[in-house]
Amino acid sequence: MSHEREAPSDELCRLVKEAEQRKLALVIGSDANSHHTTWGSSDTNHRDDLTVVALEGCKDETLLFGSCYMPHDGEAPQTELRKLVETAASKKHALVVGTDANAHHPVWGSADINDRGESLFTYILQSSLEIANRGEELTYVGPTSKNVLDLTLYTSRHVMVQEWEVLSTPSFSDHRYISFRAISGTRWFEGTEEYSLIVRNAFNTVNWAKILDSLDEIGVSPYLRAMIRSYFEDLVLDYDTAVGRKSYKVSGGVPQDSVLGPLLWNNMYDGVLRLNIPNGANIIGFVDDVSVVITTKKQIGQ
């Protein structure tokens, strides 16, 4: 909810009314920018960054819905979210979390990578979480910037998130509405479904240190590695905009349209193609596109 607008907004009131008419359960995570002792504010500037509700289903199943804000100046993700994921896993609860992560990474559709994005992505890979985001539709459109900052995360072992999309409905905020369908409970039936993880924009964002490490692994001499390291230094991209010419300091990626670029890329990604992966999973690479395809039984709700 915006600082300047009435709380709650007309759009939120309409959404609540529609849910009542259709007898639907409605869960809303909101950065309300409002304070009251009823919801735990101890003073006029207190705000919690993680809110969780539990929905009890059939056969004592529990589905946890969380809303999480990750501050610019904090850890990504913060300790509270890590503890929530651990608790959900230990109790075998399904978990879906909507986040304003303030983190950039091409895996969830951002145009670039920042340190917070690297940190959050590393945590996701090491945890039981999956990313529900699909496509590159902007989730944040502010007065001075726009990007994909909002992630929907879920534990795939206990819940399936489908039909994820960014809505065009006015949200009266710089963050846009996100819609999805969550199916909890486990039941198996015959047949298979394929899921793929596609690494987007990798050619332009690959870490230079990883390239140099891969050259070291195949025995490239220190002299040649030093030449390539120098090749990466002081790269600046000049481009024209509607308000004049601008410059951007390049900090990653393989130089395109160069003789050396494909060699550096192929050597670095060779390690990915050689990974030992379980049966039922396949790595497919073509030029700078890599997909991990996993075939499994299809899971639906009870």
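Because the structure is predicted, anything quoted here is derived from the model rather than measured. (Residues numbered from 1 in each chain as written. Predicted model: local features only at pLDDT ≥ 70, side-chain atom pairs only at ≥ 80, totals over all residues. Heavy atoms only, no water.)

A. Representation of helix α6 (residues 222–232). Burial in α6 covers these residues: R225, I228 and F232. Each buried residue of α6 sits inside an arc of 60 degrees when the element is viewed along its axis, so together they form one side. Buried-residue contacts for α6 involve α5 (208–217) and α7 (260–273). In the segment just after α6, D234 is the residue with positive phi, at about 55 degrees. (Buried < 20%, exposed > 50% of the residue type's maximum accessible area, 1.4 Å probe, protein only. Helix = DSSP H or I, 4+ residues; strand = E, 2+ residues; numbered from the N terminus. Arc of directions from axis to C-beta. Contact = heavy atoms within 4.5 Å.)

B. Region of the structure containing the packing of α5 against α7. Relative orientation of the contacting elements α5 and α7 amounts to 75 degrees, with a least axis distance of 9 Å. Considering their axes alone, α5 and α7 lie roughly perpendicular with respect to each other. Residue-level inspection shows K210, I211, S214 and L215 of α5 in contact with α7, the latter providing L264, N267 and M268. Looking at the contact of α5 with α7 residue by residue, the classes come out as four nonpolar, two polar and one charged. (Axes fitted to C-alpha atoms, helices over the stretch in contact; angles between N-to-C directions. Parallel < 35°, antiparallel > 145°, perpendicular 65-115°, else oblique. Nonpolar A, V, L, I, M, F, W, Y, C, P; charged D, E, K, R; others polar.)

C. Examining the environment of L129 more closely. Among the structural elements, L129 can be located in strand β4 (residues 129–131). A C-alpha to C-alpha distance of 9.1 Å links L129 and R157, two positions 28 residues apart in sequence. Non-local contacts of L129, meaning those with residues more than four positions away in its chain, are made with V85, Y123, I124, L153, Y154 and T155.

D. Region of interest: the pattern of salt bridges. By the definition in use, this model includes six salt bridges. Between R181 and E163 there is a salt bridge, with the nearest N and O atoms lying 3.3 Å from each other. One end of the pair, R181, is in strand β9 (residues 178–184); the other, E163, is in strand β8 (residues 159–166), and 18 residues separate them in sequence. Residue classification places E163 among the exposed positions, given a relative accessible area of 55%. For R245, the salt bridge identified is with D240, shortest N-O distance 2.9 Å. Both residues of the pair, R245 and D240, belong to the exposed class. (Salt bridge = Lys/Arg side-chain N within 4 Å of Asp/Glu carboxyl O.)

E. Main features of helix α3 (residues 115–126). If you check α3, its first and last C-alpha atoms are 17 Å apart, about what 12 residues at 1.5 Å a residue would give, namely 16 Å. For α3, the elements touching its buried residues are α2 (79–90), β4 and β7 (150–155). (Expected span 1.5 Å × (residues − 1).)

F. Structural view of unusual backbone geometry. The peptide bond linking A76 to P77 adopts the cis configuration, its omega dihedral lying at -5 degrees. By secondary structure assignment, the location of P77 is in the loop between β2 (62–69) and α2. Of note in the backbone geometry, K92 takes a positive phi value of approximately 60 degrees without being a glycine. On the secondary structure map, K92 appears in the loop between α2 and β3 (94–100). Classification of K92 by relative accessible area gives exposed; the value is 65%. Although it is not a glycine, D234 sits at a positive phi angle of roughly 55 degrees. Within the secondary structure, D234 sits in the loop between α6 and β11 (236–241).

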